[in-house]
Amino acid sequence: MGVEKSPVYRCIECNKESRELYRDYGHGVLKITICKSCQKPVDKYIEYDPVIILINAMLCKAQAYRHVLFNTTISIHGKLCIFCLLCEAYTRWLQLPGSSNKTDPGDFIRYAKEWDFYRLFGIAALEQSAFLAGIFIVLYLVMPSLLNSRSDCLLLLKALLLSNYGKLLLIPAVIWEHDYTPLCLRLISLFVLTSNTQAVRVALNVSRTQSLIAVAFGVLLENLLCCIHQNGN
């Protein structure tokens, strides 16, 4: 039988590996491990309330991102991706002419509008795929050493999907419709891109410039797909 490897964590301050986050001395006595490199707690967030961690993540703090990516077993990125796509499709669907009008449940128009929603969901999924593909392509071409294993690719994909959580704000932005709704949507998009940039930086331990270039190329490929779709219509 093979020897089971102990999990490897990361210091949220300096990104160095650590074999443990804390030591349990029993009777509820815990002692947070101190990083041998930077002499700071490996992960102070293990004592924090989840709300505080979420606030720090919304502030795009690298420490909060490292805590979530390396020191937790969170695995909701797949479900979060689907829900974010639904939010984006719903936002676009509400902006269609007559989408908010009430119709007879048996009316053909109602079903046509329903298919519009499915179509917009598919378009949002394609655009998201193009965005992710753009990031991976530029990293493979410019910095191939960063993605030299399957685990690196999966970690980056997980980081990018989790960093899309800002898209959940699309729904209240549209429901509370007002004159400044278009501005809100642009600000939400900017926030999501900022989160994506921080996710790339933390997942691959690269500079802000490198992560910004990767995200910019992803946006470029996504916009190219949008232009192709619009010209096709």
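As recorded in an unreviewed UniProt entry, the protein chain goes by the name Protein ARV, listed as coming from Pelobates cultripes. On record in UniProt, under Function (unreviewed entry), the comment for the protein chain is "Mediator of sterol homeostasis involved in sterol uptake, trafficking and distribution into membranes."

All right, on to the pattern of salt bridges then. Following the criterion strictly, the structure yields 5 salt bridges and no others. The partner of Glu88 in a salt bridge is Lys167, and the shortest N-O contact between them spans 3.2 Å. Placement of the pair is Glu88 in helix H3 (residues 77-94) and Lys167 in the loop between helix H5 (150-162) and helix H6 (170-175), with a sequence separation of 79 residues. Accessibility classification places Glu88 together with Lys167 in one group, the buried group.

Tallied over the entire structure, the rule returns 5 aromatic pairs. Ring geometry for Tyr45 versus Tyr48: centroids 5.1 Å apart, planes at 80 degrees, classification edge-to-face. Pairing Tyr165 with Phe191 gives two aromatic rings, centres 5.8 Å apart and planes at 85 degrees, and the pair type is edge-to-face. Taken together, the positions of Tyr165 in the loop between H5 and H6 and Phe191 in helix H7 (residues 181-204) put the pair 26 residues apart, joining distant regions of the chain. The two residues Tyr165 and Phe191 agree in class, both being buried. Taken together, the aromatic side chains of Trp115, Phe117 and Tyr118 make up a single cluster linked through ring pairs. Positioned over the ring face of Phe70 is Arg10, at 4.4 Å from the centre of the ring. Here the basic side chain of Lys44 rests over the ring of Tyr45, its NZ or CZ set 5.6 Å away from the ring centre.

A few words on helix H1 (residues 50-58). The set of residues buried in H1 consists of Ile53, Asn56 and Ala57. Angular distribution of buried residues about the axis of H1 spans 100 degrees; they occupy a single face of the element. For H1, the capping residue at the N-terminal end is Asp49, with a side-chain oxygen 2.9 Å from the backbone nitrogen of Val51. Residue Cys60 follows H1 closely and has a positive phi angle near 60 degrees.

What counts and how
Residues numbered from 1 in each chain as written. Predicted model: local features only at pLDDT ≥ 70, side-chain atom pairs only at ≥ 80, totals over all residues. Heavy atoms only, no water. UniProt positions renumbered as here; feature names shortened; annotations may be inferred. Salt bridge = Lys/Arg side-chain N within 4 Å of Asp/Glu carboxyl O. Helix = DSSP H or I, 4+ residues; strand = E, 2+ residues; numbered from the N terminus. Buried < 20%, exposed > 50% of the residue type's maximum accessible area, 1.4 Å probe, protein only. Phe/Tyr/Trp six-rings, centres within 6.5 Å; stacked < 30°, edge-to-face > 60°. Lys NZ or Arg CZ within 6 Å of the ring centre and 35° of its normal. Arc of directions from axis to C-beta. Polar contact = N/O pair within 3.5 Å; in protein donor to acceptor, adjacent residues only side chain to side chain.

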